Amino acid sequence: MKFVIKKNRRIHHPSFKSRTKAILLHSKFLVPLALPFLHHAITTTITTPAQALNLALISGSTRTAGPPTVLGPRVSLFILHSLQSRGHTVTHIDPKDHDFQLLQKPYFAYPPGRTPENLQRIHDILNNADGYVCITPEYNHSPSPALINILNHFGSSIFSFKPSAIVTYSAGQWGGTRAAVGLRTTLSELGCLPVSAMIHIPKAQDVFDKDGNIIVLEAEEDGGADGKSVKLAANAENRWREYCGRCFSQLEWWADAAKKHKELVDPFDDSPAFLKSPRQRNAP
């Protein structure tokens, strides 16, 4: 490695020249010695895994039968297993399992000690989570009503100052991208800002089986009568892991940073939750 320093001819002070020679002389011997240590530090920083997090996975499909094929459980299982494989504790909130009714009375409207048991249980999961992953199909270019219904049961004080990630899917070619755009505004208002990288899964029925495993299309030795190209299992797995990993790594970075900073500063000191009236939001 060579270092080139361009001399500035407008400077003629003798002390400057002598200092420049000293710097070059020291660089000649010190830089080669420092490079192995710098390489080790950089490599260690890049390869160090993220801290194990407590994540809430919220899915938004309530369909139980088709046609078309019910895809929500497939996608949820794949995301669940992917996050668990990265060392995180993941709690899945499925609207079908928790018997969520249409919003009649939100959590914050109940007096202390009078909250229904099911609603209190979901509150505790969300409140204790370090971050959120929301999975939604696309209904009329919008997020799932079931997912929005869950989120609307709780106030922003539960979600605030934590990150979120968005996963969308569809049976068609767009992968639910338009639903993701609408969901970003909801999550932002709740205070759990979504990371920029999102996961969109088009034609999910051809990507995952019922157990959330990646489907590998196998052609016969002659190339396959249906003309489909051969997809090796390892290659398909790696492509999806890398694609999802970009989103997950951003979620991990922000969640880890927020968790550590909360140990130093309580974010609600300067931005307290609104607990009395919606008028607390009003300008003076």
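Residues numbered from 1 in each chain as written. Predicted model: local features only at pLDDT ≥ 70, side-chain atom pairs only at ≥ 80, totals over all residues. Heavy atoms only, no water.

### Considerations on the confidence of the model for the protein chain
So, step 1. For the protein chain, the mean per-residue pLDDT works out to 82, and 76% of the residues sit at or above 70.
So, step 2. Segment residues 1-14 is flagged for pLDDT under 50; beyond a separation of four residues in sequence, or across chains, it makes 4 contacts in the model.
So, step 3. Segment residues 33-49: pLDDT under 50, and 0 contacts once partners within four positions in sequence are set aside and those in other chains are kept. (pLDDT = per-residue confidence, 0-100. Contact = heavy atoms within 4.5 Å.)

### Brief notes about the pairing of strand β2 (residues 89-93)
So, step 1. Relative to β2, strand β1 (residues 54-59) is paired through 5 bridges, and the arrangement is parallel. What sits directly across from Ile58, in β2, is Ile93.
So, step 2. Read as a crossover between parallel neighbours, the route from β1 over helix α2 (residues 72-85) to β2 is right-handed. (Pairing = 2+ DSSP bridges. Helix = DSSP H or I, 4+ residues; strand = E, 2+ residues; numbered from the N terminus. Right-handed = clockwise from strand over helix to strand, strands pointing away.)

### Some details on the nonpolar core
So, step 1. With 30 residues, the main nonpolar core has Val75, Ile79, Val133, Val167, Ile199 and Ile201 as its most contacted residues.
So, step 2. Every element with two or more residues in this core is listed here: β1, α2, β3 (131-137), β4 (164-169), β5 (199-201) and α7 (233-262).
So, step 3. Among the elements that take part in this core, α7 stands out by supplying 7 residues, more than any other.
So, step 4. When sequence neighbours within four positions are dropped, the list of residues in contact with Val167 reads Val75, Ile79, Val133, Cys134, Ile135, Thr136, Ile199 and Ile201. (Core = buried A, V, L, I, M, F, W, Y, C linked by side-chain atoms within 4.5 Å. Buried < 20%, exposed > 50% of the residue type's maximum accessible area, 1.4 Å probe, protein only.)

### Thoughts on the layout of surface pockets
So, step 1. Estimates place the volume of the largest pocket at around 810 Å³.
So, step 2. Lining the largest pocket we find 26 residues, and of these Gly155, Ser156, Ser157, Phe274 and Arg281 sit closest to its centre. (1 Å grid on protein atoms, 1.4 Å probe; cavity = no way out; pocket = protein on both sides within 12 Å on 5 of 7 lines; lining within 4 Å. Points joined across faces, edges and corners; volume = space filled by probe spheres on them.)

### Focus: the sheet that holds β5
So, step 1. Spatially, the 5 strands line up as an open sheet ordered β2-β1-β3-β4-β5, and their pairing is parallel. Pairing within the sheet leaves two strands with one partner each, and these edge strands are β2 and β5. The average angle at which neighbouring strand axes cross in this sheet is 15 degrees, direction not considered.
So, step 2. With 5 bridges joining them, β1 and β3 adopt parallel strand pairing. By the bridge assignment for β3, Leu57 is matched with Val133.
So, step 3. Running at roughly 155 degrees to β4, helix α6 (residues 177-190) makes contact with β3, β4 and β5 of the sheet. (Axes fitted to C-alpha atoms, helices over the stretch in contact; angles between N-to-C directions.)

### Points about α6
So, step 1. Along its 14 residues, α6 runs 20 Å from first to last C-alpha, staying within 8% of the 20 Å computed at 1.5 Å per residue.
So, step 2. Buried within α6 we find Ala179, Ala180, Leu183, Leu187 and Leu190.
So, step 3. Contacts made by the buried residues of α6 are with β3, α4 (145-152), α5 (156-159), β4 and β5.
So, step 4. Note on α6: the residue one or two positions beyond its end, Gly191, has a positive phi of about 95 degrees. (Expected span 1.5 Å × (residues − 1).)

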